[in-house]
Amino acid sequence: MATPPPPLILASASPRRLALLEQIGLKPDHLIPADLDETPRRFETPRALAGRLAREKAEAVRKIADKSDDLKPALVLAADTVVAVGRRVLPKAELSDQALACLSLLSGRGHRVFTGVALATPKGAVRSKLVETRVRFKRLSRSEVDDYLASGEWRGKAGGYAIQGLAGSFVVKLTGSYPAVMGLPLGETVALLSGAGFPVRAGWADAAA
Ligand SMILES: Cc1cn([C@H]2C[C@H](O)[C@@H](COP(=O)(O)OP(=O)(O)OP(=O)(O)O)O2)c(=O)[nH]c1=O
């Protein structure tokens, strides 16, 4: 009989990350969010920040898993999304003023979305990948911004918008990975998992059901 795959832990509180994994037939056995200080370091680039936070989230949950016999053999998957204009990292908007500032900056301009994804193995090794996506928004009128702010969809989102929702209508160009902007680059996630021996296509036979 084939050996069962190791448990998979998604180190995330983000419902989008879970939905994206499920989209490709992967169902994590456990959801354990990492609680980290996400403040950029001095002189840290947006790219370096996304990579570091993804790895730190995986490492933090690896430590939690190591304390339990059931979770010790698990693979821990984590990700982090950073929205940047030049070297400037935009906040995860919690207040409407923050979202307004983000949208005013993004209006009619290009920006970059950096998404780090990291996988911690039971032996403590951490492998990671970084995906850069360029996104351009159309010029936003004041009433478009006001209506978007009223929607509340920006809350808790890096850069004050969610591409998978109403703000999808702001995008005029995207070069890179759409799922990475939502929170998880799927091709890179699969590459990390299969590199660790995880059977990434085991659930595909049931996908059409
Ligand atoms: C740009 C963008 C971000 N986002 C979200 C994805 C992430 O949830 C969030 C970026 O913050 P993250 O720190 O990457 O993730 P999180 O704190 O929400 O979840 P966790 O650390 O527990 O995994 O912004 C979208 O949903 N759509 C978008 O278009």
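A brief look at the structure comes next. Note that this is a predicted model, so its numbers are computed, not measured.

Criteria and cut-off values
Residue indices begin from 1 for each chain and proceed along its sequence in written order. Owing to the predicted nature of the model, reporting of local features is limited to residues with pLDDT of at least 70; listing and counting of side-chain atom pairs is limited to 80 or more, with chain, interface and lining totals taken over all residues. The basis for the side-chain values is all heavy atoms of the structure; hydrogens and waters are excluded. Any pair of Phe, Tyr and Trp rings, taking the six-membered ring for Trp, is counted once the centres come within 6.5 Å. Such a pair is stacked with planes under 30 degrees apart, edge-to-face with planes over 60 apart, and tilted for the rest. We count a stretch as a helix when DSSP gives it H or I for four or more residues in a row; a strand needs E for two or more, and each element gets its number in order from the N terminus. To sort residues, take the accessible area from a 1.4 Å probe on protein chains only and compare it with the maximum for the residue type: under 20% means buried, over 50% means exposed, and anything in between is partly exposed. Think of a polar contact as two N or O atoms within 3.5 Å of one another; within protein, one of them needs to be a possible hydrogen donor and the other a possible acceptor, and neighboring residues in sequence only count if both atoms come from side chains. A contact between two residues is defined here by any heavy atoms of the two lying within 4.5 Å. Whether a residue is near a molecule or strand is decided by its heavy atoms; if any one of them lies within 4 Å of it, the residue is near. Accessible areas in this description were obtained via Shrake-Rupley with a 1.4 Å probe; residue shielding takes into account the shown protein chains only. All residues other than Ala, Val, Leu, Ile, Met, Phe, Trp, Tyr, Cys, Pro, Asp, Glu, Lys and Arg, Gly among them, are scored as polar; the first ten of these are nonpolar and the last four charged.

Another point: the packing of aromatic side chains. For the coordinates displayed, the defined rule picks out three aromatic pairs. Measuring from centroid to centroid gives 4.8 Å for phenylalanine 137 and tyrosine 161, while their planes differ by 70°, and the two rings are edge-to-face. One end of the pair, phenylalanine 137, is in strand β6 (residues 126-137); the other, tyrosine 161, is in the loop between α4 (142-151) and β7 (171-175), and 24 residues separate them in sequence. Judged by relative accessible area, tyrosine 161 falls into the buried class, the value being 5%. Ring plane angle 70° and centroid distance 5.3 Å describe the contact between tyrosine 148 and phenylalanine 170, whose orientation is recorded as edge-to-face. Note that tyrosine 148 is positioned in helix α4 and phenylalanine 170 in the loop between α4 and β7, a separation of 22 residues in sequence. Accessibility assignment for this pair places tyrosine 148 and phenylalanine 170 in one class, buried. Site record: aromatic cluster; members linked through ring pairs are Phe137, Tyr148, Tyr161 and Phe170.

With that settled, consider the side chain of aspartate 80. With respect to the helices and strands, aspartate 80 occurs in strand β3 (residues 75-85). Polar contacts involving the side chain of aspartate 80 include one to the side chain of lysine 57, which spans 2.9 Å. In contact with aspartate 80, other than residues within four places in its own chain, are Arg17, Glu38, Ala50, Leu53, Ala54, Lys57, Phe114, Thr115 and Gly116.

This paragraph deals with the site of the ligand. The immediate surroundings of the ligand are formed by 20 residues, with Ser12, Arg16, Arg17, Lys57 and Lys92 found nearest. Note that an oxygen atom of the ligand is positioned 2.7 Å from one of the backbone N or O atoms of alanine 13. When the free accessible area of the ligand is taken as 600 Å², the share hidden by the protein chains comes to 94%. Listed by contribution, the elements that provide at least two residues to the shell around the ligand are α1 (15-23), β3 and α5 (178-182). Residue contributions to the shell around the ligand peak at three residues, all from β3. Class assignment for the residues of the shell around the ligand results in eight nonpolar, five polar and seven charged.

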